[in-house]
Amino acid sequence: MSILGYIICGWLASVLVAVCCLAKEEWHEKAKWFLCWSLFPFPLIFKPKRFGYVKSWLLFFISPFMFSVYFVALVIWGFYYPPQDVSMPYRTAGDLKMITGVEFPDVALVDSDYYSDWNREEIIMKFTPSEPLTKEFIRSLDKACKEDSCCWSKDNEGYHYFIFPERPIDRPAGTHIRQVDCDGVMTDDWDGDYIEVQVPLKGDTIYVSDGWCL
């Protein structure tokens, strides 16, 4: 039997004991409130003077009834929001060129992380080059900041690339920021799936994020 099964059996046994105790005058009051807590805890908060306001609300939230509500809510959440596939979509220098348009050195995917909240989720991939980043590569990033300034930029931390891309993305083939029809005018789309790349000035760790935001 599973742990959940033992818990349910223990709860049923305690309810049966409380029902039996109702017949005894000295146990009647305690058994009545125990059954209330176990089966239908709302009187605890509607008539809080019996235990006090704080204790009544605490007993309400930790009652078996409320735990069953929590469990059902989790099941419903899991049904409508199943775990996301966190497989890494990019792994090679060729993949990085495809999403940025810049020729990257050979890289190795060394780590990844997944982040999610109510309005954003993303896979964050960490790459390291097989050799130190060259001056030629840095010059190509400087060139990209000038010629592709809508997506590439540079600050004190390093080079930064961000795009809400057309799909399938292939920057060398000409794909760019996706557009949407806004009152008959095509404008850049500023929500939905995005790609972000960070190349630091110090160190050699390259971060790539593939995510979605609202």
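S.K.: Run through the nonpolar core, naming residues and quoting values.
M.R.: If you look at the biggest cluster of nonpolar residues, it comprises 26 residues, and the most contacted ones within it are I99, F104, W152, V197, V199, I206 and V208. For this core, the secondary-structure elements that each account for two or more residues are α6 (93-100), β2 (120-129), α7 (135-147), β4 (158-163), β7 (192-200) and β8 (206-213). The greatest single-element share of this core, amounting to four residues, is contributed by α7. In this structure I99 touches Y90, Y161, I169, R171, I195, V197 and V208, once residues within four positions along its chain are discounted.

S.K.: So what's going on with the sheet that holds β8? Which residues, and what values?
M.R.: In sheet architecture, strand pairing relies on hydrogen bonds along the backbone and comes in two forms, parallel and antiparallel. What the six strands build is an open sheet, ordered β1-β2-β8-β7-β4-β3; its pairing is antiparallel. In this open sheet, the two edge strands, each paired with only one partner strand, are β1 (107-116) and β3 (152-154). Averaged over all adjacent pairs, the angle separating strand axes in this sheet is 15°, with direction ignored. Alignment of β3 against β4, held across three bridges, turns out to be antiparallel. Among the inter-strand pairings, W152 is bridged to a residue of β4, identified as Y161. Most of the contacts of α6 go to β7, to which it runs at about 120°, and overall it touches β1, β2, β3, β4, β7 and β8.

S.K.: So, the side chain of R171: which residues are in play, and what are the values?
M.R.: Relative to the elements of secondary structure, R171 occurs in the loop between β4 and β5 (179-182). Judged by its relative accessible area of 12%, R171 falls in the buried class. At 3.1 Å, the side chain of R171 forms a polar contact with the side chain of D148. The contacts of R171, once residues within four sequence positions are left out, are K97, M98, I99, T100, G101, D148, C151, Y161, I163 and H176.

S.K.: Outline the environment of V110, listing residues and values.
M.R.: Residue position: V110 is located in strand β1. A residue is classified by how much of its surface remains accessible, and V110, at 47% relative accessible area, is partly exposed. In this structure the C-alpha to C-alpha distance between V110 and T205, which are 95 residues apart in sequence, comes to 9.5 Å. Beyond its immediate sequence surroundings of up to four residues, V110 is in contact with K126, F127 and T128.

S.K.: Before we move on, can you summarise α6 with the specific residues and values?
M.R.: When we look at burial in α6, the residues that qualify are A93, L96, I99 and T100. For α6, the angular spread of the buried residues around the axis is 130°, confining them to a single face. Where α6 terminates, the next one or two residues include G101, which has phi positive at roughly 85°.

S.K.: Now, about the side chain of S209: what can you tell me, with residues and values included?
M.R.: Relative to the elements of secondary structure, S209 occurs in strand β8. Setting aside anything within four residues of it in sequence, one finds S209 in contact with E122, I123, I124, Y194, I195 and E196.

Conventions used here
- Residues numbered from 1 in each chain as written.
- Predicted model: local features only at pLDDT ≥ 70, side-chain atom pairs only at ≥ 80, totals over all residues.
- Heavy atoms only, no water.
- Core = buried A, V, L, I, M, F, W, Y, C linked by side-chain atoms within 4.5 Å.
- Buried < 20%, exposed > 50% of the residue type's maximum accessible area, 1.4 Å probe, protein only.
- Helix = DSSP H or I, 4+ residues; strand = E, 2+ residues; numbered from the N terminus.
- Contact = heavy atoms within 4.5 Å.
- Pairing = 2+ DSSP bridges.
- Axes fitted to C-alpha atoms, helices over the stretch in contact; angles between N-to-C directions.
- Polar contact = N/O pair within 3.5 Å; in protein donor to acceptor, adjacent residues only side chain to side chain.
- Arc of directions from axis to C-beta.

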